[in-house]
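Spelled out, the chains give:
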Amino acid sequence: MKQKGDPVNNRKSAGWLWFLTGIGFSILWPSAAVATKYGLQVAQPFVLCITRFFIAGLLMLFIAHGILRKRLPQKHEWKQLAIYGLLNISLYLGIYVLAMQHISAGLGSLAIATNPVLISLMATVIFGHRLRLVTITSLILCMCGVLLAAWPLFKHSFATPGGISLLMLSMIIYSAGVIYFSKQNWGNLHILTINGWQTLLGGLFLLPFAIATYDKTKNVWGSNLLWPVLWLAIPVSIIGVQLWLYLLRDNAVKASFWLFLCPVFGFIIASVMMQEPIGVFTVAGMLMTLAGLYLVQKYKSE
């Protein structure tokens with residue numbers, strides 16, 4: 001008979017926690033694309049962005065400083081937070097939401113999953129490491145997979161070449177933000193403090209563009225806008241990020257494999273919620289992208 005503190009039971013509990021955390025992340029992360037598409041039906045892109053960022057940022061900062069009593073950033077940390085917020089929030093998500101006006105939600109989820117390959121490629125180029133064949137092969141597979149999945153969507157107006165270009169630009173900027181974050185010394189600054197301030201600062205950087213382009217006739221304030229914004233702010237920006245950080249801290253290589261499920265859940269959610277088509281090209285493109293991700297992650301694990 002096993003005792004309460006038995007290490008076997010503890011390992012099983014930790015395993016189940018890790019599994020449920022991964023499943024939760026794989027569902028929440030790609031759901032952002034569908035929520036964004038719903039939000040864009042009743043709001044301009046920058047209005048949707050800034051409302052989401054302010055709610056998420058202020059809520060995280062209230063928890064970090066008001067409840068947990070974590071310290072405020074100091075001196076050079078403000079500069080780091082500003083640069084990270086500019087890359088990870090203003091540019092990445094600002095361009096991403098513009099792209100989502102011209103592509104399907106499923107395709108948006110598929111592109112997000114290519115980030116590990118882009119990060120590997122950019123890190124190789126920036127830090128002068130030798131460019132390995134597996135990295136090039138993975139990138140080609142992922143990019144071809146995205147284009148293959150998008151091919152039948154063009155004639156149904158679910159995607160445009162301009163939308164695809166903006167989407168891939170946003171992925172490149174996101175990858176640059178990840179590399180910047182990983183190379184900075186954040187000291188003992190709490191992760192909610194970092195996430196909260198970079199989200200709020202990123203929203204502030206976008207505010208002038210939102211004011212300059214604001215058209216009240218294109219924004220319908222009400223529950224149709226409130227629910228997408230709240231979903232993007234809380235389950236995605238706060239809960240999804242915290243789940244991802246838990247997975248990364250446990251095992252970064254194993255955590256990356258959960259990205260394989262993101263496009264799968266993304267296409268399923270988009271099909272159920274927005275009746276987006278799933279055909280042979282979609283499945284083939286998704287499998288090609290997953291193959292590229294598997295190659296680069298297998299190389300990392302070895």
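The structure presented is a predicted model; accordingly, all values stated were derived computationally and were not measured.

### A few points about the environment of Met-286
Here comes step 1: The residue Met-286 is located in helix α12 (residues 280-301) in this model.
Here comes step 2: Remark: the alpha-carbon pair of Met-286 and Leu-147, spanning 139 residues in sequence, is separated by 10.0 Å.
Here comes step 3: The contacts of Met-286, once residues within four sequence positions are left out, are Leu-110, Pro-263, Val-264 and Phe-267.

### Observations concerning a nonpolar patch on the surface
Here comes step 1: A surface patch of nonpolar side chains, amounting to about 510 Å² of accessible area, comprises Leu-59, Phe-62, Ile-67, Leu-68, Ile-234 and Ile-239.
Here comes step 2: For the nonpolar patch, the secondary-structure elements that each account for two or more residues are α2 (45-67) and α9 (223-250).
Here comes step 3: It is α2 that provides the largest number of residues to the nonpolar patch, a total of three residues.
Here comes step 4: Here Ile-234 shows up in helix α9.

### Description of the pattern of salt bridges
Here comes step 1: Counting across every chain of the model gives one salt bridge.
Here comes step 2: A salt bridge links Glu-77 to Arg-71, with the shortest nitrogen-to-oxygen separation between them at 2.9 Å.
Here comes step 3: The exposure class of Glu-77 is buried, given its relative accessible area of 6%.
Here comes step 4: The exposure class of Arg-71 is partly exposed, given its relative accessible area of 26%.

### Structural notes on the nonpolar core
Here comes step 1: Within the largest apolar cluster, 76 residues are counted, with the highest numbers of intra-cluster contacts made by Phe-25, Tyr-92, Tyr-96, Leu-107 and Met-171.
Here comes step 2: If we skip the residues at most four places from it in the chain, Met-171 touches Tyr-92, Tyr-96, Ala-111, Ile-112, Thr-114, Asn-115 and Leu-118.
Here comes step 3: Counting residues in hydrophobic clusters, the runner-up holds six residues, among them Ala-56, Ala-64, Leu-192 and Ala-233.

### Describing unusual backbone geometry
Here comes step 1: Of note, Arg-69 is a non-glycine position whose phi angle comes to about 60°, a positive value.
Here comes step 2: Mapping Arg-69 onto the fold places it in the loop between α2 and α3 (76-99).
Here comes step 3: On the basis of relative accessibility, which here comes to 67%, the residue Arg-69 falls in the exposed class.
Here comes step 4: In this structure, Lys-75 takes a positive phi of about 40° despite not being glycine.
Here comes step 5: With respect to the secondary-structure elements, Lys-75 resides in the loop between α2 and α3.

### A closer look at helix α11 (residues 261-274)
Here comes step 1: Counted at 1.5 Å a residue, the expected span for α11 with its 14 residues is 20 Å, and the 19 Å between its end C-alpha atoms agrees.
Here comes step 2: Within α11 the residues assigned to the buried category are Cys-262, Pro-263, Gly-266, Phe-267, Ile-269, Ala-270 and Met-274. When α11 is viewed along its axis, its buried side chains cluster within an angular range of 165° and face the same direction.
Here comes step 3: Once α11 ends, the next one or two residues include Gln-275, with phi positive near 55°.

### Considerations on the side chain of Ser-104
Here comes step 1: The topology assignment puts Ser-104 in the loop between α3 and α4 (105-112).
Here comes step 2: Note on Ser-104: relative accessible area 2%, which makes it buried.

### Quick word on the packing of aromatic side chains
Here comes step 1: Applying the stated rule across the entire model yields nine aromatic pairs.
Here comes step 2: Counting every residue linked through ring pairs, the aromatic cluster contains Phe-25, Trp-29 and Trp-244.

What counts and how
Residues numbered from 1 in each chain as written. Predicted model: local features only at pLDDT ≥ 70, side-chain atom pairs only at ≥ 80, totals over all residues. Heavy atoms only, no water. Helix = DSSP H or I, 4+ residues; strand = E, 2+ residues; numbered from the N terminus. Contact = heavy atoms within 4.5 Å. Patch = residues over 30% accessible without salt bridge, like charges linked within 9 Å, V, L, I, M, F, W, Y side chains within 5 Å. Areas by Shrake-Rupley, 256 points an atom, 1.4 Å probe, with all protein chains shown as cover. Salt bridge = Lys/Arg side-chain N within 4 Å of Asp/Glu carboxyl O. Buried < 20%, exposed > 50% of the residue type's maximum accessible area, 1.4 Å probe, protein only. Core = buried A, V, L, I, M, F, W, Y, C linked by side-chain atoms within 4.5 Å. Expected span 1.5 Å × (residues − 1). Arc of directions from axis to C-beta. Phe/Tyr/Trp six-rings, centres within 6.5 Å; stacked < 30°, edge-to-face > 60°.

Interpretation in functional terms is not warranted from these geometric data alone.
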